[in-house]
Amino acid sequence: MISFKAYKAWLLTGLFFISACSDEYVLDTPRHFREMEAPVLNPLTQLKIDLGKKLFYEKALSTDSTISCGSCHKQEFAFADNSVYALGSHDSVGFRNTRGLTNTGYLQNFFGEGGLHSLERATIAPMQTEFEMNQNIKTSLDRLKSDKAYLKMFEKVFDDVPNHQNVLWALSSFQRTLISADSPYDHFVLGDSSALNDEAKKGLILFNSDRLGCRNCHTGILFTDEETYNIGLCRGNPDYGRGRLTLDSADHGAFLTPTLRNSEVTAPYMHDGSLKSLEDVIRFYETGGQWHYAKSKKMKPFELNDSERFELISFLNSLTDTSFITNPKFSDPN
């Protein structure tokens, strides 16, 4: 039989959970997208999203208080960056190009290796990584606890002081709102045949063709299959990609397929930022990639003329969601 003390604790926990969920936030899911599933233990609330947004732009979370999540994930670049490599605290330079956060709440795999499988876990890594924010979570928590405004916000949202878990919950909640689904292509999918010009429509046909095979990896409404591939981008970069995680030579040089949404504004491209324009990317794929013992069998050369190349770029540009990269709802509140 359960004791009265245990029953009381259970009842209070239940009442708190109901109270915490009373502000539940319902995402305005685009009708051509699937519903986003937030973790049961971390339901979306407006207050939590607001706190997460403030934390996303909080420079005190970095060791020298000079950068925030938003310093590398810039809204105008679809929450990617225009530098070749990520730039961290104390002017440190990372070893990979910054991946964007477009529709990140729908993803199941994170980072170039695809080695993390929850947004909450993926959020903690940049905060502590040497070449990024480079700060132990305990120090970050101490800084937040010393700030009366943050103490008040955390008390209101979580009925608690800042801790490892609720900081990640808040940051992840904000990131789940970063939905991009208002590009010309989206309007075309939803029935507006005039949303794409003739060049973009021809580019869409090329994109979906077996000759190019783009859709084999950049698939579905998110334009990624969330798998890792070695595409033959061998430029002497010692980054083993997924091989760093699995220690399997078959995974050497394999990286997670990025979304193509908003790719017009996310240059430079590839994990090493080695390709400067979408035309450079297309011409690279035309070659089929360089030889590598682990190169994917999906990589096959093809030929495009100048008109076809222009049409394909026109289609890729139709994936640009200008409302996403200018929406004040996502902008720095400070």
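For the structure, see preceding data.
Residues numbered from 1 in each chain as written. Predicted model: local features only at pLDDT ≥ 70, side-chain atom pairs only at ≥ 80, totals over all residues. Heavy atoms only, no water.

Participant: Describe the packing of aromatic side chains, and please don't skip the residues or the numbers.
Facilitator: Counting across every chain of the model gives 16 aromatic pairs. With centroids separated by 6.4 Å and ring planes inclined at 45°, the aromatic side chains of Phe-158 and Trp-169 adopt a geometry described as tilted. Of this pair, Phe-158 sits in helix α6 (residues 148-158) while Trp-169 is found in helix α7 (residues 164-176), placing the two residues 11 residues apart along the sequence. Among the aromatic residues, ring-to-ring pairing joins Phe-56, Tyr-57, Phe-79, Phe-174, Phe-324 and Phe-330 into one connected group. Cation over ring: Lys-54 sits above Tyr-150, and NZ or CZ is 5.3 Å from the ring centre. (Phe/Tyr/Trp six-rings, centres within 6.5 Å; stacked < 30°, edge-to-face > 60°. Helix = DSSP H or I, 4+ residues; strand = E, 2+ residues; numbered from the N terminus. Lys NZ or Arg CZ within 6 Å of the ring centre and 35° of its normal.)

Participant: Lay out the environment of Gln-128 in plain terms, naming residues and giving numbers.
Facilitator: Within the element layout of this structure, Gln-128 appears in helix α4 (residues 119-128). Sequence separation between Gln-128 and Ser-140 is 12 residues, and the spatial gap between their C-alpha atoms is 9.6 Å. What Gln-128 contacts, discounting residues up to four positions off in sequence, is Asn-134, Gln-135, Asn-136 and Ile-137. (Contact = heavy atoms within 4.5 Å.)

Participant: An account of helix α12 (residues 306-317) is requested, with residue identities and associated values reported.
Facilitator: For α12, with 12 residues, the first-to-last C-alpha span of 16 Å sits near the 16 Å given by 1.5 Å per residue. Those residues of α12 that fall on the buried side of the exposure criterion are Glu-308, Arg-309, Glu-311, Leu-312, Ile-313, Ser-314, Phe-315 and Leu-316. Next to the buried residues of α12 lie α8 (184-189), α9 (198-208) and α11 (278-287). For α12, the N-terminal capping position is held by Asn-305, with its side-chain oxygen 3.1 Å away from the main-chain nitrogen of Ser-307. (Expected span 1.5 Å × (residues − 1). Buried < 20%, exposed > 50% of the residue type's maximum accessible area, 1.4 Å probe, protein only. Polar contact = N/O pair within 3.5 Å; in protein donor to acceptor, adjacent residues only side chain to side chain.)

Participant: Tell me about the nonpolar core, residues and numbers included.
Facilitator: Nonpolar side chains tend to gather and get buried jointly when the protein is soluble and globular. The biggest cluster of nonpolar side chains holds 40 residues, and the ones touching the most others in it are Leu-51, Leu-55, Phe-56, Phe-79, Met-127, Phe-154 and Val-167. Taken together, the elements giving at least two residues each to this core come down to α2 (46-56), α4, α5 (137-145), α6, α7 and α13 (322-326). Here this core takes 6 residues from α7, the largest share from any one element. Not counting residues within four places of it along the chain, the set of residues in contact with Leu-51 comprises Tyr-150, Met-153, Phe-154, Val-157, Phe-158 and Ala-170. If you look at the next biggest cluster of nonpolar residues, it comprises 29 residues, including Leu-196, Cys-214, Tyr-229 and Phe-284. (Core = buried A, V, L, I, M, F, W, Y, C linked by side-chain atoms within 4.5 Å.)

Participant: Now, about the environment of Thr-246: what can you tell me, with residues and values included?
Facilitator: On the secondary structure map, Thr-246 appears in helix α10 (residues 243-246). By relative accessible area, which is 33% here, Thr-246 ends up partly exposed. The spatial distance from the C-alpha of Thr-246 to the C-alpha of Glu-113 is 9.1 Å, given a sequence separation of 133 residues.

Participant: Now, about the side chain of Lys-53: what can you tell me, with residues and values included?
Facilitator: Tracing the sequence through the fold places Lys-53 in helix α2. Nearest to the buried, unbridged Lys-53 among oppositely charged side chains is Asp-50, at 6.5 Å. One polar contact links the side chain of Lys-53 to the main-chain carbonyl oxygen of Lys-329, over a distance of 3.0 Å. Ignoring any residue separated from it by four or fewer positions in sequence, one finds Lys-53 in contact with Phe-174, Pro-328, Lys-329, Phe-330, Ser-331 and Pro-333. (Lys, Arg positive; Asp, Glu negative; His and termini not counted. Salt bridge = Lys/Arg side-chain N within 4 Å of Asp/Glu carboxyl O.)

Participant: I'd like to hear about α11, residue by residue, with values.
Facilitator: If you check which residues of α11 are buried, you get Leu-278, Val-281, Ile-282, Phe-284 and Glu-286. Downstream of α11 by one or two residues, Gly-288 has phi in the positive range, about 80°.

Participant: Describe in detail the pattern of salt bridges, supporting the description with residues and values.
Facilitator: One pass over the full model with this rule turns up 12 salt bridges. The shortest N-O distance in the salt bridge between Asp-210 and Arg-215 comes to 3.4 Å. The exposure class assigned to Asp-210 is exposed, which follows from its relative accessible area of 68%. Judged by relative accessible area, which is 38%, Arg-215 ranks as partly exposed. A single salt-bridge network, built from bridges that share partners, covers Arg-96, Glu-113, Asp-239 and Arg-244.

Participant: Run through the side chain of His-73, naming residues and quoting values.
Facilitator: Positionally, His-73 belongs in the loop between α3 (69-72) and α4. Overall, His-73 belongs to the buried group, its relative accessible area being 17%. Polar side-chain contacts of His-73 include one of 3.2 Å to the backbone oxygen of Arg-99. Discounting chain neighbours no more than four positions away, the residues touching His-73 are Phe-56, Phe-79, Ala-80, Thr-98, Arg-99 and Leu-101.

Participant: Pulling in residues and values, what's your account of the packing of α4 against α7?
Facilitator: Packing of α4 against α7 leaves a shortest axis separation of 9 Å and a crossing angle of 105°. Viewed along their axes, α4 and α7 adopt a mutual orientation that is roughly perpendicular. Contacts from Leu-119, Glu-120, Thr-123, Ile-124 and Met-127 in α4 reach His-164, Val-167, Leu-168, Trp-169, Leu-171, Ser-172, Gln-175 and Arg-176 in α7. Grouping the amino acids of the contact of α4 with α7 by side-chain chemistry returns 7 nonpolar, 4 polar and 2 charged. (Axes fitted to C-alpha atoms, helices over the stretch in contact; angles between N-to-C directions. Parallel < 35°, antiparallel > 145°, perpendicular 65-115°, else oblique. Nonpolar A, V, L, I, M, F, W, Y, C, P; charged D, E, K, R; others polar.)

Participant: Explain unusual backbone geometry to me, using residue names and the numbers behind them.
Facilitator: The amide bond that connects Ala-267 to the next residue, Pro-268, takes the cis arrangement and shows omega of 0°. Non-glycine residue His-90 carries a positive phi angle of around 55°. By the secondary structure assignment, His-90 is in the loop between α3 and α4. Exposure remark for His-90: the relative accessible area of 55% places this residue in the exposed category.

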